[in-house]
Amino acid sequence: MRLEVVVLPVSDVDRAKRFYGSLGWRLDADLAVEEGYQVVQFTPPGSLCSIIFGKGVTAAPAGSTQGLQLTVHDIEAARADLVERGVDVSEVFHDITGVFRHAGTRGRLDGPAPGHADYGSFASFSDPDGNGWLLQEIRTRLPGR
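Because the structure is a prediction, the values reported are computed rather than measured. (Residues numbered from 1 in each chain as written. Predicted model: local features only at pLDDT ≥ 70, side-chain atom pairs only at ≥ 80, totals over all residues. Heavy atoms only, no water.)

Summarising the element assignment, D95 is placed in strand β6 (residues 93-95). Nearest to the buried, unbridged D95 among oppositely charged side chains is R108, at 7.1 Å. A distance of 2.6 Å separates a polar atom in the side chain of D95 from a polar atom in the side chain of T97. Excluding residues that lie within four positions of it along the chain, D95 makes contacts with F100, R101, H102, R106, G107 and G120. (Helix = DSSP H or I, 4+ residues; strand = E, 2+ residues; numbered from the N terminus. Buried < 20%, exposed > 50% of the residue type's maximum accessible area, 1.4 Å probe, protein only. Lys, Arg positive; Asp, Glu negative; His and termini not counted. Salt bridge = Lys/Arg side-chain N within 4 Å of Asp/Glu carboxyl O. Polar contact = N/O pair within 3.5 Å; in protein donor to acceptor, adjacent residues only side chain to side chain. Contact = heavy atoms within 4.5 Å.)

Rendered as C-alpha cells:
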C-alpha cells in the first residue's frame, strides 16, 4: 500500500489553486465534474503523494488539516525558496525533546537540530485557509525507509 492522496478542506478553490501553483507544485487535474463538484489535484516536486481539494470533496471545515509534512534535504534552502515565492514561513526550529515535534508551537527551540540531526529540524507554514504544513529536514533516512 502507498499513501497516494491527502484531501485538503479549502474555502476558495481558485485561491487555493493560485497558492499551490505558486509553490511550484504540478497541477495534475482540475475537473469540474458537475455543478458543486470540482476536483483539483497538485503534486509537490519529487513526491509520489498528491493533495486534492475542490468543491464537494470533503465535509471537513476549511483549514482544519494540520501537521502535513514535506521532507526536504536542506531546510534552509527549502525555506528560502518558499520565502522567495511569497510564503510566510516560520524560522527553522527543533523540538526541546530532540524527537519529532510537539503540536502547535509548544516545545520549539530556535534554529536547526544540533548538528542538523536527521528528522529533527522543521519550519512551518499555512495555506490561505490555515491548513498547516511543516518542512522536515532528512538528509539520511533511517534503514528501511
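Having seen it, we continue.
As a further point, take the sheet that holds strand β1 (residues 5-7). In space, the four strands of this open sheet follow the order β1-β4-β3-β2, with mixed pairing throughout. Only two strands of the sheet have a single neighbouring strand rather than two, namely β1 and β2 (26-34). When strand polarity is set aside, the average angle formed by the axes of neighbouring strands in this sheet is 20 degrees. Contacting β2, β3 (37-43) and β4 (50-55), helix α1 (residues 13-22) runs over the sheet at an angle of about 160 degrees to β4. (Pairing = 2+ DSSP bridges. Axes fitted to C-alpha atoms, helices over the stretch in contact; angles between N-to-C directions.)

This next bit is on the pairing of β3. Within β3, five of the seven residues are buried, leaving the element largely enclosed by the surrounding structure. Of the pairings in the sheet, the one linking β2 to β3 comprises seven bridges and is antiparallel in character. Residue pairing across strands places L27 opposite F42, the latter belonging to β3. Joining the antiparallel neighbours β2 and β3 is a turn of two residues, in which G36 adopts a positive phi near 80 degrees. Sheet topology places β3 next to β4; five bridges connect them, and they run antiparallel. For V40, the partnering residue across the bridge sits in β4 and is F53. From the end of β3 to the start of β4, which pair antiparallel, there are six residues, and G46 there has a positive phi angle of about 80 degrees.

The next subject is the sheet that holds strand β5 (residues 68-72). Read across the open sheet, the five strands follow the order β5-β9-β8-β6-β7; overall the sheet is mixed. Among the strands making up the open sheet, the edge pair consists of β5 and β7 (108-110). Direction aside, the axes of adjacent strands within the sheet are offset by 40 degrees on average. As paired elements, strand β8 (residues 121-126) and strand β9 (residues 132-137) share five bridges and run antiparallel to each other. Along β9, the bridge assignment pairs A123 with L135.

It is worth spelling out α1 at this point. Every buried residue belonging to α1 is among V13, A16, F19 and Y20, and all of these are buried. The arc that holds the buried residues of α1, viewed along the axis, is 125 degrees, so those residues lie on one side. For α1, the N-terminal capping position is held by D12, with its side-chain oxygen 3.1 Å away from the main-chain nitrogen of D14. Immediately downstream of α1, the backbone of G24 shows phi near 85 degrees, a positive value. (Arc of directions from axis to C-beta.)

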